[in-house]
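# Overview (structure and organization)
Given next are the chains, with one letter for each unit.
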Amino acid sequence: MQVADRLQKIPPYLFVTLRNKIAKARAEGVDVINLGVGDPVDPTPPSVIEELCRRAQDPINHQYPIDEEKGMLAFRQEVARWYAKRYEVELNPEGEVLGLIGSKEGCHHFILGVVNPGDVVLMTDPGYPAYRASIYMASAEPYAVPMLAENHYLPNLGDIPPDILKRAKAMFLNYPNNPTGACATRAFFSRVVKFAKDHDIAICHDNPYSEILFNGQERLSFLSVPGAKDVGIELNSLSKPYNMTGWRIGMAMGNKEILAALCKVKENTDSGIFNAIQYAAIKALQQEDGNIAKMLAIYTQRRKLVLETLAKIGLSFIPQNGTFYLWIPAPKGVTSINFTTTLFEKASVVVAAGTAYGQHGEGYIRISLTVPDKRLEEAMERIQKVF
Ligand SMILES: Cc1ncc(COP(=O)(O)O)c(C=O)c1O
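This write-up is about the structure you can find in this document. (Residues numbered from 1 in each chain as written. Predicted model: local features only at pLDDT ≥ 70, side-chain atom pairs only at ≥ 80, totals over all residues. Heavy atoms only, no water.)

## So, the site of the ligand
Threshold: For this description, a residue counts as near a given molecule or strand if any of its non-hydrogen atoms is within 4 Å of it. Pairs of N or O atoms within 3.5 Å make up the polar contacts considered here, provided that, within protein, one atom can donate a hydrogen while the other can accept it, and that residues adjacent in sequence are counted only when both atoms are side-chain atoms. Residue burial considers only the protein chains on display, and all accessible areas are found by Shrake-Rupley using a 1.4 Å probe. Amino acids are sorted into nonpolar (Ala, Val, Leu, Ile, Met, Phe, Trp, Tyr, Cys and Pro), charged (Asp, Glu, Lys and Arg) and polar (every other residue, Gly among them).
As a matter of local geometry, the ligand sits amid 15 residues, with Asp206, Tyr209, Ser237, Ser239 and Arg248 nearest to it. Here an oxygen atom of the ligand and a side-chain polar atom of serine 237 are 2.6 Å apart. Compared with its free state, where it exposes 400 Å², the ligand has 92% of that area covered by protein. Split into classes, the residues belonging to the shell around the ligand amount to 5 nonpolar, 6 polar and 4 charged.

Shown next, in the form of structure tokens:
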């Protein structure tokens, strides 16, 4: 069977590789602890589950979703209220908000909506691997801008070569950042707006970790910066703040023309999100504070535990303030892969190698805090015994 050439350029998806490795070890009786994947084990709030069950009973919701690919108006209105309250961003639910089947869907359809084959799409290195795959699937060309610790993990836009800029049509950014945990500043976002205007580049700011912040870090939307709506969109998601990764619901906001293009792709690809899930998501967004505060308290404790353990084995570092990941420097002279392999072979603990996110991830590993407390404690005990 012939498969498309464009798929040949896409490496195996990191988490599929990890999943296979874990399944093999578990089949051999090894008690593997997986700190590699960012998928919260803590449950979705009960009121959200109740709303889903109630709405699922109503046959009207068994038909194609209301407003199909746009997302139902009630959901878009709730997103607009949430954005106004939490990020001080004013959005018109008609035209400036779109429902998504998760932020990942939005990334993919954004690219299909705005680039032509052969165009360049800018992303960061390290960066979320799905961006590169979507760029290839659109027969476009990724250009990775280094994101270095010495620049606070913000890409230096001035370093992008002029010939690349001429061909660049879009850019992915993501703060709070996966995998580094770094947060952006308003000043950086203002530079991005000017850069996008100067070079006619459509920005997609992927912001699914917008609520996962520590040490008083300010919540920040790209759209809160003057001019952002002229050049780009922001994606967000219910996955992380409400422990709803499996529900597949998110949203896109901002520039009307980009959203219309994204919507046109969706119109011909999916028919929107199950109504009952949209109603449940409205419930989640309405009860924002309690759920989010609870979730943050859990991650704060887990972060503390990991940082204390790492300090005991001589790995002290200043963590970034965002996401439920810790971007951890490997011991001096040890590569990402060697560190990852040692943890797996000697402690049966799986972590993600920094290089899975790009060459500038060398020298780091990423640990996710989305496992049960007891398993994290066990993982930390095992790691201490190895070092
Ligand atoms: C940067 C980034 N964008 C998007 C996603 C996917 O989010 P969603 O569940 O909303 O599709 C993830 C998930 O890990 C992510 O890290």
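## Description of the packing of aromatic side chains
Convention followed: Between 30 and 60 degrees the pair is tilted, below 30 it is stacked and above 60 it is edge-to-face, where a pair is any two Phe, Tyr or Trp rings, Trp via its six-membered ring, whose centres lie within 6.5 Å. For the purposes of this entry, the term helix denotes a DSSP run of H or I that reaches at least four residues, the term strand denotes a run of E that reaches at least two, and both are numbered from the N terminus. Type-normalised accessible area, obtained with a 1.4 Å probe on protein chains alone, sets the label of each residue: buried when under 20%, exposed when over 50%, and partly exposed for intermediate values. Counted as over-ring charges are cases with an Arg CZ or a Lys NZ within 6 Å of the ring centre that also lie within 35 degrees of the ring normal.
In this structure the tally under the stated criterion is 16 aromatic pairs. Seen in terms of ring centroids, tyrosine 83 and tyrosine 87 are 4.7 Å apart; in terms of plane orientation they differ by 35°. Their pairing is tilted. Placement of the pair is tyrosine 83 and tyrosine 87 together in helix H4 (residues 73-87), with a separation of 4 residues, close to one helical turn. Residue classification places tyrosine 83 among the buried positions, given a relative accessible area of 0%. By relative accessible area, tyrosine 87 is classed as buried at 4%. With centroids separated by 5.2 Å and ring planes inclined at 75°, the aromatic side chains of tyrosine 128 and tyrosine 131 adopt a geometry described as edge-to-face. Tyrosine 128 gets classed as buried once you look at its relative accessible area, which sits at 17%. Through a chain of ring-to-ring contacts, three or more aromatic side chains come together here, namely Phe110, Tyr128, Tyr131 and Phe172. When the ring centre of tyrosine 279 is taken as reference, the NZ or CZ atom of arginine 55 above it lies at 3.7 Å. The positively charged end of arginine 303 is found above the aromatic ring belonging to phenylalanine 214, 4.3 Å away from the centroid.

## What about the pairing of strand E12 (residues 364-368)?
Stated precisely, the cut-off is as follows: We treat two strands as partners when DSSP finds at least two bridges between them.
Where burial is concerned, most of E12 is hidden: 5 out of the 5 residues are buried. Residues Tyr364, Arg366 and Ser368 of E12 are buried on one face, and the alternating residues Ile365 and Ile367, pointing to the opposite face, are buried as well. Here 2 bridges tie strand E11 (residues 352-353) to E12, and the two strands are oriented antiparallel to one another. The residue bridging alanine 352 from the neighbouring strand is arginine 366, located in E12.

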